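# Structural description and commentary
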Amino acid sequence: MRYGILADIHSNLEALHAALAVLRENGAESFLCLGDIIGYGADPNACCEAVRTLPGLGVQGNHDRAAFDATARYGFNPYARAASEWTERQLTVENRDFLVALPETAAENGFQIVHGSLDDPLFGYITATVSARSSFYRQTAPICFVGHTHIPAAFACREDSVLCAALPFRPAAPLTLKPGFRYVINCGSVGQPRDGNPEAACGLYDTENGTLRVLRVSYDIAAAQAKIIAAGLPNFLAERLADGR
Ligand code: ZN
């Protein structure tokens, strides 16, 4: 089975379509959506509708929560807040209900999925071994897929140890999962990459040979930017897409 991994789509329909096309070309049959379908970009409803039709599993992200629960906007910068308020006004009842119903964590076939971290599902950032370790304490499956930081990363921990290490994880450096280890894996952000590479990021997990790849996909950034400006969302949210920040 090949899973396509999608995190932090953030209402960027152009990036989502490009990522889905490449994942399908690479044999993805089921999809894991790690939250933040909406927020920042100009296509919240179309992105919800695209994700709703995918086979697979999904969880709620902090921006998904913020669109129906303003307390989740605490800590948002002014751009995120403006986009969240705009998104709340745009969402159809069906798409809002879909987001409300998403669980905070889900599991299948030897893996767990969560937006942030297992110790703080919506808001926890796994950026380094110290935050990975707090999540590993609660991880019962060999793999946990996460999003939220918008930066591809992988951490491994021996099954009998609490010490963990960061692993290289780039398009040119796929991961081969080894028995006896547990992994936390972030395949990056589809709709708002922040690692300096503006290309959409997504992941491909092949359960047959135990490999994980991060894929980078070019998409029509200018089209996504034009929609953000036309919607009256902050210009910065358009500008950052070209810089991958
Ligand atoms: Zn996000």
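Structure: see above.
Residues numbered from 1 in each chain as written. Predicted model: local features only at pLDDT ≥ 70, side-chain atom pairs only at ≥ 80, totals over all residues. Heavy atoms only, no water.

### Considering the side chain of R73
As for its placement among the helices and strands, R73 is situated in the loop between α3 (62–66) and α4 (78–90). Aside from chain neighbours lying at most four places away, what touches R73 is A66, A67, R81, S84, E85 and E88. (Helix = DSSP H or I, 4+ residues; strand = E, 2+ residues; numbered from the N terminus. Contact = heavy atoms within 4.5 Å.)

### Focus on the coordination of the zinc ion
Looking at the zinc ion, one finds its protein donor set to be D8 (OD), H10 (NE2), D36 (OD) and H150 (NE2), positioned 2.0 to 2.5 Å from the metal centre. What the four donor atoms of the zinc ion show is an angle range of 89 to 173 degrees at the metal, which sorts the shape as irregular. Here the donor residues for the zinc ion map to a single chain with the spacing D-x1-H-x25-D-x113-H. Residue class for D8 comes out buried when judged on its relative accessible area of 0%. A relative accessible area of 2% places H10 in the buried class. (Donors = N, O, S within 2.8 Å, 3.2 Å for Na, K, Ca; no water. Tetrahedral: all angles 85-135°; square planar, octahedral: opposite > 155°, others 65-115°. Buried < 20%, exposed > 50% of the residue type's maximum accessible area, 1.4 Å probe, protein only.)

### Things to note about the packing of helix α7 (residues 221–230) against helix α8 (residues 235–243)
Two numbers describe a pair of packed helices, the interaxial angle and the distance between the axes. At a closest axis distance of 8 Å, the pairing of α7 and α8 adopts a crossing angle of 170 degrees. Between α7 and α8, the crossing angle belongs to the class labelled roughly antiparallel. Contacts between α7 and α8 involve I221, A224, Q225, I228 and I229 from the first element and N235, L237, A238, E239, L241 and A242 from the second. A class-by-class count of the residues in the contact of α7 with α8 yields eight nonpolar, two polar and one charged. (Axes fitted to C-alpha atoms, helices over the stretch in contact; angles between N-to-C directions. Parallel < 35°, antiparallel > 145°, perpendicular 65-115°, else oblique. Nonpolar A, V, L, I, M, F, W, Y, C, P; charged D, E, K, R; others polar.)

### Remarks on the packing of helix α2 (residues 44–52) against helix α5 (residues 93–101)
The contact between α2 and α5 brings their axes to 10 Å, and the two run at 60 degrees. As far as their axial angle goes, α5 and α2 are oblique. Handedness of the α2/α5 crossing: left-handed. Contact residues: N45, C48, E49, V51 and R52 in α2; E94, N95, F98 and L99 in α5. Partitioning the contact of α2 with α5 into residue classes produces four nonpolar, two polar and three charged. (Left-handed = near helix turned anticlockwise from the far one by under 90°.)

### Brief notes about a nonpolar patch on the surface
There is a patch of nonpolar side chains on the surface, built from Y137, V162 and L163 and spanning about 340 Å² of accessible area. Among the structural elements, Y137 can be located in the loop between α6 (129–136) and β6 (143–146). Classification of Y137 by relative accessible area gives exposed; the value is 56%. (Patch = residues over 30% accessible without salt bridge, like charges linked within 9 Å, V, L, I, M, F, W, Y side chains within 5 Å. Areas by Shrake-Rupley, 256 points an atom, 1.4 Å probe, with all protein chains shown as cover. Salt bridge = Lys/Arg side-chain N within 4 Å of Asp/Glu carboxyl O.)

### Points about the pattern of salt bridges
Tallied over the full model, the rule gives eight salt bridges. Between R158 and D160 there is a salt bridge; the shortest N-O distance is 3.6 Å. Of the residues examined, D160 reaches a relative accessible area of 65% and is grouped as exposed. Between D195 and R216 there is a salt bridge, and its shortest N-O distance comes to 2.7 Å. A residue pair is termed long-range when its members are at least 10 positions apart, and D195 in the loop between β10 (181–186) and β11 (200–206) and R216 in strand β12 (residues 211–217) qualify at 21 residues. Given a relative accessible area of 19%, R216 falls into the buried group. Each of the salt bridges in this network shares a partner with another, and the network as a whole consists of E14, D43 and K227.

### Examining the sheet that holds β12
Strand pairing in a sheet is mediated by backbone hydrogen bonds. Such pairs are either parallel or antiparallel. Pairing within the open sheet is mixed, and its six strands lie in the order β3-β2-β1-β11-β12-β9. A strand with exactly one partner marks an edge of an open sheet, and here the two such strands are β3 (56–58) and β9 (175–176). Those strands touched by helix α1 (residues 13–25) are β1 (2–6), β2 (30–33), β11 and β12, and its axis lies near 165 degrees from that of β1. (Pairing = 2+ DSSP bridges.)

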